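Listed here are the chains, written in short residue letters.
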Amino acid sequence: SCDYVLEIARQHQAQRNTLNQENEALRRKLADISNDNDDNDNDNHGEGTTRSSKRQKMRNPSPPGSDNETLDNTSGGQSEDQFVNAIGQKFCILYALWVHKGEDIFKVKLDDAYDAIERFENDNNKVQGQLQEIVSLLKEKLNQDTILQKWVRREFMKSLNSQRANTASRIRHNCSAVFGILDTDLVDPEQRKARFRGRIGWVPNKTGGGTYSSVDVDIIHKDYLGKYDLSKIFLSPVLMAARWALSSDVSLQEVGSSTGIRYFKDYEEYLTMLEVGLRRRKKSIVNIFREWDAKIFPDTASSLASAKPSNDYISNCPCCLMVISGLNGLKFTFLLNFA
C-alpha cells in the first residue's frame, strides 16, 4: 500500500540522517588519507605542493546564503567531500544503480550538442546521458575544474556503490511482505532459485538448460500468460528491483553472478521502452502511466487518471515526469515495487 511505501521511505531517511551524522568524522579522515596518498603520488612527480594546496582550496564550502543551500541537503553547510558523497547517494536513488564506464565516465568530454531524445540510440549517447546528469548534480556546488579532480570521481563512485549495496539489502529484507512469503524463503540462494526462477524470467530449453529473458518475466506483467505482452508489461505491482530480490544472486551487480541476468542492461531496455513509447504516445505505454498515476497520484490534477489528457500531458503527468526528466532509477521502481 502507499502507507507501506511512506513508512519504508521514512525509515530509510531516518537511518540515512543518523548514518550521515555518525560517519561525518570518518569521511573527513578518509578524505585526509586520500589527500595524503595523492600528495605522495604527486611528490613523486615533483608536483605535490602545487596540487595539494590547490585541492585544499577547492574544498572550501560555499559561502552562507548561496543559492546552493536549498536542495535536499546536498549543498549548504557541507564540505565538498560531504556534498559529493550525498550526490553519489542521490544519483543512485534517483537515476541509476550503475554508471557506464565507472570512474572513467568522468574522462568523457561533455557534449554540448547532446540531445536527450537520442539518449538510447547508441552506447555513446547512454554514457553522455549519464554524464550530463552527474555533472548537472555536481554543478550545484562544484565548478568544472573541481569536477574533473580524481578525488571527486572516487568519492562519487564510492558513495554510489555503498548506497546500492544498502538499497539492495533493504529490498531483499523487505520484499517478503510484498510477495506474501516468509523471510526464510529468501535466505538461501539455492532455495530462491528453486522456488522463484520461473517468476523472474527463466526460459528452459529442450536440453534441460535455459536462460533468463528480459521481457518474458512473470513479475513485471499483470495477469501473465507465459510470454511478453506489451499491453500488460510493467503493470504488476512487484517488478524491477524485486526481480533481483527473488533471484539466486547474492549481491546486486550489473550482471548476476549466479543467474547471468543483465540487470543494468535490462533496466535500460525497460527505460527505453517506456521513454520512447511515451514520446511517441503509444497507447499501450500511455496506459502504463495512466494506471500507475491512478495508484500513486490519484488526486493530482495533472494525473492521467484524473481526466482526459491534454496534448502536453507528457509535460505534466507525474509518473511521466519521473522518466522524461531523468528522475527514474529507483525512485520509479520503488514506487512500482511497493504500490
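Residues numbered from 1 in each chain as written. Predicted model: local features only at pLDDT ≥ 70, side-chain atom pairs only at ≥ 80, totals over all residues. Heavy atoms only, no water.

Colleague: Please give an account of the pattern of salt bridges that cites residues and values.
Modeller: Two side chains that carry opposite charge are able to pair once their charged atoms sit near each other. What the rule picks out here adds up to 10 salt bridges. Overlapping salt bridges bring together D123, K126 and E268 as one network. (Salt bridge = Lys/Arg side-chain N within 4 Å of Asp/Glu carboxyl O.)

Colleague: Break down the confidence of the model for the protein for me, with residues and values.
Modeller: Residues at a pLDDT of 70 or more form 63% of the protein, whose mean pLDDT is 75. Mean pLDDT values for the elements of the protein range from 40 in helix α12 (residues 329–338) up to 95 in helix α4 (residues 123–138). Scored below 50 in pLDDT, residues 45–72 shows 37 contacts in the model against residues more than four places distant or in partner chains. Per-residue pLDDT stays below 50 along residues 325–339; that stretch engages in 59 contacts with residues further than four places along the chain or on separate chains. (pLDDT = per-residue confidence, 0-100. Helix = DSSP H or I, 4+ residues; strand = E, 2+ residues; numbered from the N terminus. Contact = heavy atoms within 4.5 Å.)

Colleague: Can you break down the environment of K107 residue by residue, with the values?
Modeller: By the secondary structure assignment, K107 is in the loop between α3 (80–94) and α4. Sequence spacing of K107 and L131 is 24 residues, and the spatial spacing of their C-alpha atoms is 9.7 Å.

Colleague: Which residues make up helix α6 (residues 150–179), and what values go with them?
Modeller: Look at α6: 43 Å from first C-alpha to last across 30 residues, which is about the 44 Å you get at 1.5 Å a residue. Remark: the principal bend of α6, roughly 35°, maps to H173. Positioned one or two residues after α6, G180 has a phi angle of 70°, which is positive. (Expected span 1.5 Å × (residues − 1). Bend = angle between axes of the 7 residues up to and from the residue.)

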